[in-house]
Amino acid sequence: MRSSLNSYYCILNLLLYCSSSSSLYSSSCHLQGQFHLNELHKTGDVVLGGLFQVHFFSDYSDLSFTSEPPQPICHGFDITGFRLAQTMAFAVDEINRNPNLLPNVTLGYSIRDNCIEVKIALRAALSLANGQEKNVKLERTCEGTPLVLGIVGDSSSTHTITISRILGLYRVPLVSYFATCSCLSDTQMFPSFFRTIPSDSFQVRAMIQILKHFGWTWAGLLISDDDYGVHAARSFQSDLGPIAGGCLAYTEILPWTNDRTELKRIVNVMRKSTARVVIVFAHQAHMLNLMEEVIRQNVTGLQWMASEAWTSAAVLQAPHLMPYLGGTLGIAIRRGEIPGLKNFLLKIRPDLKYNNSNGNNLVNQFWEHTFQCRFSPTPAGWIEDGGALCTGQEVLEDEVAEEFLDVSDLRPEYNVYKAVYALAHALDDMLQCEPGRGPFSGDTCAHLQRLEPWQLLHYLQQVNFTTPFGDQVSFDENGDALPIYDIMNWSWLPDGRTKVQNVGEVKRSSLKGEELTLDEDKIFWNFDPKKPPRSVCSDSCPPGTRMARKKGQPDCCFDCVPCSGGKISNATNSMECISCPEDFWSNIQNDHCVPKKTEFLSYHEPLGICLTVTSVLGSFICMSVFIIFVHYRSTPIVRANNSELSFQLLMSLKLCFLCSLLFIGPPRLWTCQLRHAAFGISFVLCISCILVKTMVVLAVFRASKPGGEASMKWFGAAQQRGTVLVLTSVQAAICTVWLVSASPAPHKNTQYHSDKIVYECAIGSTVGFGILLGYIGLLAILSFVLAFLARNLPDSFNEAKFITFSMLIFCAVWVAFIPAYINSPGKYADAVEVFAILASSFGLLVALFGPKCYIILLRPERNTKKAIMGRNNHSNN
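Residues numbered from 1 in each chain as written. Predicted model: local features only at pLDDT ≥ 70, side-chain atom pairs only at ≥ 80, totals over all residues. Heavy atoms only, no water.

(A) Up close: the overall build of the protein. Check the secondary structure of the protein and you find 23 helices and 32 strands. For the protein, the residues scored as buried account for 49% of the 877 residues in total. Considering only residue pairs separated by 6 or more positions, the protein has 69% of its internal contacts joining residues 24 or more positions apart. (Helix = DSSP H or I, 4+ residues; strand = E, 2+ residues; numbered from the N terminus. Buried < 20%, exposed > 50% of the residue type's maximum accessible area, 1.4 Å probe, protein only. Contact = heavy atoms within 4.5 Å.)

(B) Region of the structure containing the pairing of strand β15 (residues 329-333). Counting buried positions along β15 gives 5 out of 5 residues, so the element sits mostly inside the fold. The alternating pattern of β15 places L329, I331 and I333 on one face and G330 and A332 on the opposite face, and all of these are buried. Sheet topology note: the β15/strand β21 (residues 484-492) ladder contains 5 bridges and is antiparallel. From the neighbouring strand, L329 faces β21, where its bridge partner is N489. (Pairing = 2+ DSSP bridges.)

(C) How the structure looks around the sheet that holds strand β6 (residues 107-113). The strand order β10-β9-β8-β3-β6-β2-β16 describes an open sheet built from 7 strands, whose pairing is mixed. A strand with exactly one partner marks an edge of an open sheet, and here the two such strands are β10 (193-195) and β16 (360-361). Where strand β3 (residues 46-52) lies against strand β8 (residues 150-152), 3 bridges are found, and the strand directions are parallel. Each bridged residue has a counterpart across the sheet, and for G50 the counterpart in β8 is V152. Sheet strands touched by helix α4 (residues 157-167): β3, β8, β9 (174-176) and β10. Its angle to β9, the strand with the most contacts, is close to 160°. (Axes fitted to C-alpha atoms, helices over the stretch in contact; angles between N-to-C directions.)

(D) Seen up close, a nonpolar patch on the surface. Together, I781, V785, F788 and L789 make up an exposed nonpolar region whose accessible area comes to about 370 Å². Position of L789 among the secondary structure elements: in helix α20 (residues 766-789). When its relative accessible area of 59% is taken as the criterion, L789 is described as exposed. (Patch = residues over 30% accessible without salt bridge, like charges linked within 9 Å, V, L, I, M, F, W, Y side chains within 5 Å. Areas by Shrake-Rupley, 256 points an atom, 1.4 Å probe, with all protein chains shown as cover. Salt bridge = Lys/Arg side-chain N within 4 Å of Asp/Glu carboxyl O.)

(E) Quick peek at the pattern of salt bridges. In the structure shown here, the tally under the stated rule is 28 salt bridges. We note a salt bridge from E434 to R437, for which the minimum N-O separation is 3.2 Å. R437 sits in the exposed class, given a relative accessible area of 65%. Among the salt bridges present, the one from K550 reaches D559, with a minimum N-O distance of 3.9 Å. When salt bridges with common partners are traced through the structure, they connect R334, D409, R411, D471, D486, E505 and K507 into a single cluster.

(F) Spatial organisation of the sheet that holds strand β31 (residues 745-749). Spatially, β30-β32-β31 is the arrangement adopted by the 3 strands of the open sheet, whose pairing is mixed. Where the open sheet ends on each side, the last strands, each with one partner, are β30 (597-599) and β31. Neighbouring strand axes in the sheet, compared pairwise and without regard to direction, differ in orientation by 30° on average. In this sheet, strand β32 (residues 756-762) lies alongside β31 in antiparallel orientation, the contact comprising 5 bridges. Directly across from P746, in β32, lies its bridge partner C761.

(G) The packing of aromatic side chains, seen in detail. Taken as a whole, this structure holds 32 aromatic pairs when the rule is applied. Between F90 and Y417 the ring centres are 6.4 Å apart and the planes differ by 25°, which places this aromatic pair in the stacked class. Taken together, the positions of F90 in helix α2 (residues 79-96) and Y417 in helix α13 (residues 412-431) put the pair 327 residues apart, joining distant regions of the chain. For the pair formed by F90 and Y417, the shared burial category is buried. (Phe/Tyr/Trp six-rings, centres within 6.5 Å; stacked < 30°, edge-to-face > 60°.)

(H) Molecular detail of the nonpolar core. Within the largest apolar cluster, 71 residues are counted, with the highest numbers of intra-cluster contacts made by F52 and F404. Only β3, α2, β6, α10 (341-346), α11 (362-371), α12 (402-405), α13 and α14 (453-460) provide two or more residues apiece to this core. Membership of the second largest hydrophobic core comes to 64 residues, among which are L611, I803, A831 and L844. (Core = buried A, V, L, I, M, F, W, Y, C linked by side-chain atoms within 4.5 Å.)

(I) View of the environment of I208. Structurally, I208 can be placed in helix α5 (residues 200-214). Under the relative-accessibility criterion, I208 is labelled buried at 0%. Separated by 32 residues in the primary sequence, I208 and L240 have C-alpha atoms spaced 6.2 Å apart. For I208, the residues in contact, after removing those within four places along its chain, are F236, D239, L240, I243 and A244.

(J) Representation of the state of the cysteines within the structure. Summed over the entire model, instances satisfying the criterion amount to 10 disulfides. Here C433 engages in a disulfide with C445; their sulfurs sit 1.9 Å apart. An S-S torsion of about -60° defines the bridge between C433 and C445 as left-handed. With C433 in the loop between α13 and α14 and C445 in the loop between α13 and α14, this residue pair connects regions lying 12 residues apart in the sequence. With a relative accessible area of 15%, C433 lands in the buried category. Judged by relative accessible area, which is 11%, C445 ranks as buried. A sulfur-sulfur separation of 1.9 Å characterises the disulfide bridge that pairs C563 with C577. Looking down the S-S bond of the C563 and C577 bridge, the torsion is -80°, so its handedness is left-handed. Placement of C563 in the loop between β25 (558-562) and β26 (567-568) and of C577 in the loop between β26 and β27 (578-579) is noted, with a sequence separation of 14 residues between them. (Disulfide = S-S within 2.5 Å.)

(K) Examining unusual backbone geometry more closely. Going from G153 to D154, the amide bond is cis rather than trans, its omega being -5°. Structurally, D154 can be placed in the loop between β8 and α4. Residues D528 and P529 are joined by a peptide bond in cis, for which omega reads 5°. Residue placement: P529 occurs in the loop between β23 (513-518) and β24 (545-549). The backbone of N104 shows a phi angle near 65°, a positive value even though the residue is not glycine. Inspection of the secondary structure assignment puts N104 in the loop between α2 and β6. On the basis of relative accessibility, which here comes to 79%, the residue N104 falls in the exposed class.

(L) How the structure looks around the side chain of Q203. Take Q203: it is sitting in helix α5. Within the local environment of Q203, its side chain forms a polar contact with the backbone nitrogen of E308, the two atoms lying 2.7 Å apart. Aside from chain neighbours lying at most four places away, what touches Q203 is Y228, F281, S307, E308, I331 and Y485. (Polar contact = N/O pair within 3.5 Å; in protein donor to acceptor, adjacent residues only side chain to side chain.)

(M) Here's a closer look at helix α17 (residues 643-659). In this model, α17 (17 residues) spans 24 Å end to end at C-alpha, consistent with the 24 Å of a helix rising 1.5 Å per residue. Listed in full, the buried residues belonging to α17 are L645, S646, F647, L649, L650, S652, L653, C656, F657 and C659. (Expected span 1.5 Å × (residues − 1).)

(N) Spatial organisation of the side chain of S491. By the secondary structure assignment, S491 is in strand β21. Separated by 3.0 Å, the side chains of S491 and Q501 make a polar contact. Sequence-distant contacts of S491, that is, excluding residues within four places in its chain, are made with M322, R497, T498, K499, Q501 and F524.

(O) Highlighting the environment of V834. Structurally, V834 is set in helix α22 (residues 827-858). C-alpha of V834 to C-alpha of F663: the two residues are 171 residues apart in sequence and 6.9 Å apart in space. If we skip the residues at most four places from it in the chain, V834 touches L611, S660 and F663.

Structure follows, in structure tokens:
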């Protein structure tokens, strides 16, 4: 591209070369070469230039540079291109007849053919800007209007880029009707460029909107090897993912020539790809070559999407192509209506006086092409070979020039029409400027006799009008018009005919942004069933899963990984799973958070019910034993070993049974504070009574020996009560310090289970809890040791044996409790503690009071002093 631009600048220098005479004040410039190729002119006060593709091909016969290069030869007349040129002529003629637009000013035109060649297009543009006079005299002052004030064209983005770079240096307005490259929106590079066709960037976004609408996230892209295709590919690669969440399965460049090897490779890629949507951003010549290979390999089942360059190409709508291209969705230039255009075209007549030596009149060439004749002078041998001579009297009618006169689908013509009117409205605004209130330096206005292109450029940037068809025309800061495209669909009718119909539009407005409107009921789908195809690399990840990219593949190829561990995704195609708040957990579907289940030892579950019933039962048994002992309080077996301690022991055991209920149910502050305190004090009270009982047994035995009477005075009733009170008070003090310094409190523990909250009582201080248990254990061990020592004392009813057995059970239970408690999570820790309380309480109750109740209730004959003493005497013997 850079090398070709250098050659264009060289041409510019040659065209502008001037030679000066020796005179200081009089000099002249002469052109190094004139450009008279294919043209069309109309004189006027102000002339607009036009660049159109009226021929398909061009030839340069001699490029040896040993002689002056001849004029290029163009051939292959383009009817559509000529109709575009005539549309400009019609618009100028219509403006001249409009009394409200440019009154008292006659608008003219100078139209040139670019012969689809960038070198010719550049020379044509420079000839419009500089004029064609062979010699120009330079005076001290230079006044007058340039040959053209603005140019309508070119049709090609590549041509327009080259031309606009040069004309932009001199701020000559260039309004294109067909150049769509997004690069032309760069006002730094192209400051005088405008267009009435949307930019390719919008065309790409329009296609992406269609892809998004049908959920097509996996598509192939074929582009032409020019600015048109390359910039479109860049736009697709940058916008497809962010807008539609899609990606390209492949991107291939179509060759300009019919390269069978390359086309075979490209079609093979299309056939093997899983993408069922193929976007072609190229020209109809590319598509013709491509479709030959598609037919050869019989690649069907594809949904084609066409850029505006070939959406309306009639040559591709042939019956033999419709099994492959039927159902194509394409972007088309906005269709418009131009009343009076057909009548204008019917009135075209050749110029019989035109001198062909100075160039070729486009109307005459059209006449020769349409009626297959030649104007004189005819080429050598034309008449001899039976060729007809054009008279100019031939009748132009629909039967002869059907393609040329068909104005039912005016698309690029409508853009030409708008471009001419944009220049005319800008010129009209400029000429209506009030002196002293102008936009130029010194508040001056432009004058008709001294118009400059840069002055028109100022007004062109502010132009705003509405066409008779109802479309608003204005330009943004980049020179782009308000974008709007029609969406076309290729229908394959049952009788084999093809119908290209409008099924929607896509446009951009300042208020609503990009708007896509589709009438899906009108769309023909070339599939069975008649529904849109699916084209995705990977199916959408449903809520509850996240997307995991596949290594080495495009972004829209992914696996769906279920969310877990309290994480959710509540949208389709989530990139990551979101963690639920601390008190919430994911539901089964992992698509939303639900409150975590709260777990605690409940009264309503089987375990809680069993423990509650056991606790109440133990308390009831204690109360029953207490009543029995009260009722038989005068009997020897009750009175033995201090009945008062027995009553205290029964009450403390009852408290032990009841305190276990504090461990069941939802933890609250008062239950957390009371449960361990009640447990600790109740058991210390119980063990204290047992300890004092054991000490009384030992004291009685010592008192029964000679000289041991004094030992009983230290274990009277008062001393027994005092000892129990003091020992219990120590535990009460421990509990008080613990509650004040680090009180147990309800705690929501999420460490045990991730999907549920364990509602428990945090002990606050491990040291406090350890001291509480340690103190109970100390008293229990002391009681066990003393009872063990007193187990063989002579007595018919030696209670020390039962105390030893009860303490053995108690210690065994609580030694087993410690590891079980540590390794039990959540509510099971509370259950273990309740079980230890109940087991040890039942052990004490059964071991200490079971034998006595047995004698009281079942063996009353042994509940006498004689029986007890008799046993004692029997033991002594």
